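Chains, contacts and geometry: an overview
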Amino acid sequence: MTVLGSVSPTTAAFVAGLVLVLANLTGIVASALGIAEYWPPGERGWQFYAHWGISQLLNAILFALAYLDWNSLGLPRVTAFVAGATLFGGGFAVALAAGYDLGVEETKGLSGELRTGGWYRYSRNPQYVGYIAATVGFAVLANSTLVAVVCALFLGWWLALPFAEEPWLRERYGEEYERYAERVPRFVGLRTVRAIAETDGVSTSR
């Protein structure tokens with residue numbers, strides 16, 4: 001029996017997930033540190049196809065790993081299912097809604113307009129806030145030790161992406177982005193709560 005033949009599907013999926021998540025994370029962090037130009041791609045070059053190819057393949061592997069390693073983490077099954085499904089569904093819905101506000105091209109990291117309305121009134125990165133919740137939710141829903149490890153690294157994507165994007169945004173949009181960044185938090189914060197309250201106040205007064 002060969003070494004490759006002795007590797008279980010669960011182990012193979014886990015190793016593949018680690019390789020993929022670390023590959024994209026390395027490129028994103030290198031971009032944030034200014035030592036590479038990986039993200040955002042700005043146009044459909046090799047960076048664009050590498051990032052999105054890795055992303056789609058990783059999503060497929062995560063679902064396979066969840067199936068193979070389901071409930072290995074030992075959390076209460078009903079509680080984990082309900083809490084995980086709520087976080088995953090709610091977070092994914094926020095990410096999709098924010099992506100609609102941003103636009104397809106801009107969501108893919110391509111050049112476009114600076115969007116400051118809709119969900120972007122409350123956070124400069126509402127898609128990433130949604131995906132953070134969805135990633136945590138998926139790990140809880142799968143109740144899998146191996147999925148939790150990969151998802152923990154996956155969270156690094158969403159936390160690092162804004163730091164890779166902001167120098168590019170400042171260079172492209174200049175003072176317009178600077179003013180936007182001054183009034184809207186990177187993820188969420190007190191300014192988010194204030195903006196929501198102001199929006200509710202306007203809606204109530206009409």
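A brief report on the enclosed structure follows.

Cut-offs and rules
- Residues numbered from 1 in each chain as written.
- Predicted model: local features only at pLDDT ≥ 70, side-chain atom pairs only at ≥ 80, totals over all residues.
- Heavy atoms only, no water.
- Helix = DSSP H or I, 4+ residues; strand = E, 2+ residues; numbered from the N terminus.
- Buried < 20%, exposed > 50% of the residue type's maximum accessible area, 1.4 Å probe, protein only.
- Phe/Tyr/Trp six-rings, centres within 6.5 Å; stacked < 30°, edge-to-face > 60°.
- Patch = residues over 30% accessible without salt bridge, like charges linked within 9 Å, V, L, I, M, F, W, Y side chains within 5 Å.
- Areas by Shrake-Rupley, 256 points an atom, 1.4 Å probe, with all protein chains shown as cover.
- Salt bridge = Lys/Arg side-chain N within 4 Å of Asp/Glu carboxyl O.
- Core = buried A, V, L, I, M, F, W, Y, C linked by side-chain atoms within 4.5 Å.
- Contact = heavy atoms within 4.5 Å.
- Polar contact = N/O pair within 3.5 Å; in protein donor to acceptor, adjacent residues only side chain to side chain.
- Expected span 1.5 Å × (residues − 1).

Here we come to unusual backbone geometry. The linkage connecting Trp39 with the following residue, Pro40, adopts the cis geometry, with an omega of -5°. Mapped onto the secondary structure, Pro40 falls in the loop between α1 (9-32) and α2 (46-68). Within the chain, Asn71 stands out as a residue other than glycine whose phi angle is a positive 65°. Note that Asn71 resides in the loop between α2 and α3 (77-102). With a relative accessible area of 18%, Asn71 lands in the buried category.

Turning our attention to the packing of aromatic side chains. On inspection of all chains with the given rule, the structure shows 13 aromatic pairs. When the centroid spacing of 6.1 Å and the interplanar angle of 65° are considered together, the rings of Phe92 and Tyr131 count as edge-to-face. Taken as a pair, Phe92 in helix α3 and Tyr131 in helix α5 (residues 126-142) lie far apart in primary sequence, 39 residues in all. Between the aromatic rings of Trp157 and Trp158, the centroid separation amounts to 6.2 Å while the plane-to-plane angle is 65°, which identifies the pairing as edge-to-face. Judged by its relative accessible area of 2%, Trp157 is buried. According to the relative accessible area criterion, Trp158 is buried, its value standing at 10%.

A contiguous nonpolar surface patch, about 430 Å² in accessible area, is contributed by Trp70, Val78, Phe81 and Val82. Tracing the sequence through the fold places Phe81 in helix α3.

The next thing to look at is the nonpolar core. The biggest cluster of nonpolar side chains holds 28 residues, and the ones touching the most others in it are Ile28, Trp39, Leu58, Leu62, Val147, Phe154 and Trp157. For this core, the elements supplying multiple residues, two or more each, are α1, α2, α5 and α6 (145-173). The element best represented in this core is α6, accounting for nine residues. Beyond its immediate stretch of four places on either side in the chain, Phe154 contacts Val21, Leu58, Asn59, Leu62 and Thr135. Within the second largest apolar cluster, ten residues are counted, among which are Ala98, Tyr173, Ala181 and Val184.

Locating Ser55 in the fold gives a position in helix α2. A polar contact is formed between the side chain of Ser55 and the backbone oxygen of His51, at a distance of 2.8 Å.

Here Gln47 is to be found in helix α2. Within the structure, Gln47 has its side chain in polar contact with the side chain of Trp46 (distance 3.4 Å). Setting aside chain neighbours within four positions, we find Gln47 in contact with Glu37, Tyr38 and Pro41.

To continue, consider α5. An α-helical turn contains 3.6 residues, so any two residues separated by three or four positions project in the same direction. The terminal C-alpha atoms of α5 lie 24 Å apart, and with 17 residues this matches the ideal 24 Å at 1.5 Å per residue to within 8%. Among the residues making up α5, those that are buried are Pro126, Gln127, Tyr128, Gly130, Ala134, Thr135, Gly137, Phe138, Ala139, Leu141 and Ala142. Where α5 is buried, its residues meet α2, α3, α4 (104-107) and α6.

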